[in-house]
Each structure stands twice: as structure tokens, then as C-alpha cells.
Amino acid sequence: MTQETIDWPYYQSDLSQTGFTLLPSFLSSEECRELANLFDEPNLYRKSIVMQNHGYGSGEYKYFSYPLPSVVDTLRHELFTQLSPIANNWNEKLGINLRYPTDLDEWLSTCHAAGQTRPTPLILKYGPGDWNALHQDMYGVLYFPFQAVLFLSQPGQDYTGGEFVMLEQRPRMQSKATVLLPEQGQVLLFTTKYRPAQGTRGYYRVAMRHGVSEVRTGTRVNAGLIFHDAA
Ligand SMILES: O=C(O)CCC(=O)C(=O)O
Ligand SMILES: [Fe+2]
């Protein structure tokens, strides 16, 4: 995994302006395969969810327990450090008083002290006919405004369908959808709850939801990094 080559100022500014940014592929196909294979390891998870049982769509996902697998933990820390200045800038624009530290452990201590102690990084697996309803990943009062999805399968090769969908709900206007089909190894950074949009009188909040369209053929495995822990 080589993140050093990422042009962070570019991706930070892209994320800040649009509410999402797709990083170039920096997980090798071997790292992707290894991570995807963890789905079937029985002892790594605190909870497993069958999505159709909850009205969340169709498919299965599992929340990792602490300690997280090292690749997940490292990436969660490194990405948080790059994201926290943008999160602070957004809170300033939106008039939210909370400021985030640059160190993930410090932020997680705040979550834990508030009773949000359970790890939220997850791994998701979809087969033909599976999909993920548009949602926001909120797990308590405290939240971090960005999250990451690691694309572990190759579209066209491992699966068809299964596009990543984002929906922006603009106040008093119709919604805008963005559909992405990232390559295996790419990491998508996107807005968890809402992003600031420039209006004539300052900034206003645009709510964002994300989900996955129906997988037509094959198997699609992704991992998600959420930076707040769960109550
Ligand atoms: O499978 C996907 O790409 C969506 C994952 C997701 O909803 C998440 O990581 O929060
Ligand atoms: Fe999600």
C-alpha cells in the first residue's frame, strides 16, 4: 500500500468542493483479495447483518471487532489525518462548533467517553440480486463528516451492476444522483451526512445519502471505513 504518491492537496480540494473524491488505485489486487477473503473468517467480527432482514436492501455485512485487521486500522488512521482539516473547515462553514483533532485515537477517545465505543469499520458482500438502500451511516450523536469505501472487486470481471450511488438532497429542489463504478483497489472518500454548498447568503446544508445498485452477476465485496464509533 503506497499512499505517498497521492496528491493530497488535489483530492482534499476536490472532496471539499463536491462532497466526494475517488483516490487512484493504491491497494494492490493481492491486498484487495486478502481483505475480501477476511469476509469468511469467523472470529474477526462483532456483528453480522443480513440486510433483507432489516429492510436495508439485500446482501450481508459484518462489523469488525477491535483490534481491527492492521490494513484497515492503518488506513483508518492515515485517512483521518488527511480528512480532519476539511472536516473542521466544513464545520466552520456550517456554524458547527465541534473541531476534530488530527489524530484518530484522540477523536475515538471522545467517542468512547460519550458511550460510542463499538467499532464501525465493516465488510460487505453482494451476490446477484443484492443491493444496498440509500442511507447515512450515523451511530450516535457524535459523527465525522467523511467516510471511505475500499473497492475490493473488479467491475466487469468479478461482477456486473453494483454501481455505487450517491444522492444529494438539495433543500427545496430535486435531488442529484452520482453513479460510480470504481476499479478494484480504488478508495472513495465521501460525505457521511451533509456538505456545505455556497448560497447567495452564506453556506447551506446539502444532505447526502449513499447506496449500491443491484448486482446483476458475480460477487462484489467492499470494505467501509467509518471514523466515528457506535453507541
Ligand atoms: O458496498 C458499498 O460500496 C457501500 C458500502 C457502504 O455503504 C459503507 O461502507 O458505508
Ligand atoms: Fe454505508
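Just so it is clear, the structure is predicted and the values come from calculations on it, not from any experiment.

## Here's the deal with helix H3 (residues 70–94)
Turn by turn, an α-helix covers 3.6 residues, leaving residues three or four places apart pointing in a common direction.
Working step 1: In this model, H3 (25 residues) spans 34 Å end to end at C-alpha, consistent with the 36 Å of a helix rising 1.5 Å per residue.
Working step 2: By the largest-angle criterion, Leu83 marks the main kink of H3, which is about 40°, and a proline, Pro85, follows within four residues.

## Some remarks on the sheet that holds strand E15 (residues 220–226)
Working step 1: On the basis of which strands lie adjacent, the open sheet formed by seven strands has the order E1-E11-E7-E15-E5-E4-E2 and antiparallel pairing. Bordering the open sheet on either side are strand E1 (20–23) and strand E2 (45–50), each of which pairs with just one other strand. The mean angle between the axes of side-by-side strands here comes to 20°, regardless of whether they run parallel or antiparallel.
Working step 2: As defined by bridge partners, strand E7 (residues 146–151) adjoins E15 across five bridges and the pair is classed as antiparallel. Within E15, the residue paired with Gln147 across the bridge is Ile226.
Working step 3: Contacts from helix H1 (residues 8–18) reach E1, E7 and strand E11 (187–191) within the one sheet, and its direction differs from that of E1 by about 150°.

## Focus: the coordination of the iron ion (ligand 2)
Working step 1: Bound to the iron ion (ligand 2) on the protein side are His135 (NE2), Asp137 (OD) and His210 (NE2), at distances that span 2.1 to 2.2 Å.
Working step 2: Sequence spacing of the donor residues for the iron ion (ligand 2), all on one chain, is H-x1-D-x72-H. Of this pair, His135 sits in strand E6 (residues 131–135) while His210 sits in strand E13 (residues 202–212), and the two are 75 residues apart along the sequence.
Working step 3: By relative accessible area, which is 5% here, His210 ends up buried.

## Let's talk about the UniProt feature "domain: Fe2OG dioxygenase" (unreviewed entry) in the protein chain
Working step 1: Per the UniProt entry, the sites bearing "domain: Fe2OG dioxygenase" (unreviewed entry) are residues 117–230 in this numbering.
Working step 2: Across residues 117–230 one finds 0% helix and 55% strand; the C-alpha atoms that close the span lie 6 Å apart.

## Concerning the pairing of E11
Working step 1: With five of its five residues buried, E11 lies for the most part within the structure.
Working step 2: When E1 meets E11, the two strands line up antiparallel, connected through four bridges. Each residue of the ladder has a partner; that of Leu23, found in E11, is Val187.
Working step 3: Strand direction decides the pairing type here: E7 and E11, joined by five bridges, are antiparallel. Bridge assignment links Ala148 to a residue of E11, and that residue is Leu189.

## Focus: the side chain of Arg76
Working step 1: Tracing the backbone shows Arg76 in helix H3.
Working step 2: By relative accessible area, which is 1% here, Arg76 ends up buried.
Working step 3: A polar contact is formed between the side chain of Arg76 and the side chain of Asp229, at a distance of 2.9 Å.
Working step 4: If we ignore the near neighbours within four places in the chain, the residues touching Arg76 are Tyr66, Leu68, Leu104, Leu108, Thr120, Pro121, Leu225, Ile226, Phe227, His228 and Asp229.

About the criteria used
- Residues numbered from 1 in each chain as written.
- Chains lettered and ligands numbered in written order.
- Predicted model: local features only at pLDDT ≥ 70, side-chain atom pairs only at ≥ 80, totals over all residues.
- Heavy atoms only, no water.
- Helix = DSSP H or I, 4+ residues; strand = E, 2+ residues; numbered from the N terminus.
- Expected span 1.5 Å × (residues − 1).
- Bend = angle between axes of the 7 residues up to and from the residue.
- Pairing = 2+ DSSP bridges.
- Axes fitted to C-alpha atoms, helices over the stretch in contact; angles between N-to-C directions.
- Contact = heavy atoms within 4.5 Å.
- Donors = N, O, S within 2.8 Å, 3.2 Å for Na, K, Ca; no water.
- Buried < 20%, exposed > 50% of the residue type's maximum accessible area, 1.4 Å probe, protein only.
- UniProt positions renumbered as here; feature names shortened; annotations may be inferred.
- Polar contact = N/O pair within 3.5 Å; in protein donor to acceptor, adjacent residues only side chain to side chain.

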